[in-house]
Amino acid sequence: MKKQPKEYSVPAIDKTVAILNALTEQHLTIQEIHTTLNVPKSTAFVILNTLEQYSLIQKNPEGKYRLGHGVLRWGIGYMKSMDLVAIARPHLEQLVADTPYTAHLAVSEKGKPVYVDKVEGGGFVRFATKIGQVQPLHMSGVGKAIASGMSEEEIAAVLAAELEGTPDKLERALEKLMEDVEHVHQYGFSIEDEEFEEGIRCIGAPIRGENGQVFASISITTLNKDLPATKYQMMGASVKETADRISAELGYLEQKPAPVKDMPKQGGAR
């Protein structure tokens, strides 16, 4: 018989979630939280005090707790993510229709790309990527595209957290990624040439919000045989145009639309 995977939980977090869920329905005192949720008063006090510090809850003059404005950030972030997925999905489906490519949509979470949607084309190969998966900023098509909207200082901070090793290693990685960022600035798309996984290539492009800030990106992923270097320019233009259409639907109005520049014919991958 196949063993069921173990479920793990942290009791304090379980109680915190239970309290937040209860406060979405009604305002409660510590005594009521203790009674209805069977949470010890001392534990409830510590949890409530911590949540209050982050403005996730607030206490009214009657001594009852309610949700605070801090939870709005989560809600707004979730809604933005869902709006993005809904808007981007038909564009991604069109991008990979009748191709062996898989399209990914990622959002920037503290400077790191996180997959929020995935659309598979008509190929037989299925990639083991999943929603919620975090990708490396410096070795992924979606990451390089997102990095194009970050400052060098912001990029260096993310790399320092991602990489372990000597300062020389970090310096080389930063130098390489800044070259990749310049490539995105010049041509409108990024290239991942078997850097994260052997035999796999990706092309990415940034997505901008209404304010022009890069906050997400898309990419196509495929086997290297299905994306030779001779196709970088053509597919890069297609991915960029798709990202631009998504950005436009999100409210971004580019002042002077620029055509995709031609890469040098020798076109080394970046």
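Rules used in this analysis
- Residues numbered from 1 in each chain as written.
- Predicted model: local features only at pLDDT ≥ 70, side-chain atom pairs only at ≥ 80, totals over all residues.
- Heavy atoms only, no water.
- Helix = DSSP H or I, 4+ residues; strand = E, 2+ residues; numbered from the N terminus.
- Buried < 20%, exposed > 50% of the residue type's maximum accessible area, 1.4 Å probe, protein only.
- Areas by Shrake-Rupley, 256 points an atom, 1.4 Å probe, with all protein chains shown as cover.
- Axes fitted to C-alpha atoms, helices over the stretch in contact; angles between N-to-C directions.
- Parallel < 35°, antiparallel > 145°, perpendicular 65-115°, else oblique.
- Left-handed = near helix turned anticlockwise from the far one by under 90°.
- Contact = heavy atoms within 4.5 Å.
- Nonpolar A, V, L, I, M, F, W, Y, C, P; charged D, E, K, R; others polar.
- Patch = residues over 30% accessible without salt bridge, like charges linked within 9 Å, V, L, I, M, F, W, Y side chains within 5 Å.
- Salt bridge = Lys/Arg side-chain N within 4 Å of Asp/Glu carboxyl O.
- Expected span 1.5 Å × (residues − 1).

Participant: Explain the overall build of the protein here, please?
Facilitator: Helices and strands together make up the secondary structure of the protein, namely eight helices and seven strands. Buried positions account for 41% of the 270 residues belonging to the protein. A total accessible area of about 15,900 Å² is found for the protein, and carbon and sulfur atoms account for 54% of it.

Participant: Could you clarify how one ought to interpret the packing of helix 1 (residues 11–23) against helix 3 (residues 41–53) in this entry?
Facilitator: When two helices pack together, their arrangement is given by the angle between the helix axes and the distance between those axes. Two numbers describe how helix 1 lies on helix 3: the axes approach to 10 Å, and their chain directions differ by 70°. One element, helix 1, and the other, helix 3, form an angle in the roughly perpendicular class. Seen along the crossing, helix 1 lies across helix 3 with a hand that is right-handed. Across from Ala12, Lys15, Thr16, Ile19 and Leu20 in helix 1, the residues of helix 3 making contact are Thr43, Ile47, Leu48 and Leu51. Grouping the amino acids of the contact of helix 1 with helix 3 by side-chain chemistry returns six nonpolar, two polar and one charged.

Participant: Sorry if this is basic, but what is going on with a nonpolar patch on the surface here?
Facilitator: Together, Val10, Ile13 and Val17 make up an exposed nonpolar region whose accessible area comes to about 250 Å². Its location among the elements puts Val10 in the segment before helix 1. Looking at Val10, the relative accessible area reads 46%, which means it is partly exposed.

Participant: When you look at helix 7 (residues 167–187) in this model, what are you seeing that I'm missing?
Facilitator: Within an α-helix, residues lying three or four positions from one another point in the same direction, as the helix has 3.6 residues per turn. Between the first and last C-alpha of helix 7 there are 30 Å, a value that for 21 residues agrees with the 30 Å anticipated at 1.5 Å per step. Residues of helix 7 that are buried: Ala173, Leu174, Leu177, Asp180, Val181, His183, Val184 and Tyr187. Contacts from the buried residues of helix 7 go to helix 5 (141–147), helix 6 (152–162), strand 5 (190–193), strand 6 (200–208) and helix 8 (232–249). The positive-phi residue at the C-terminal boundary of helix 7 is Gly188, with phi of around 90°.

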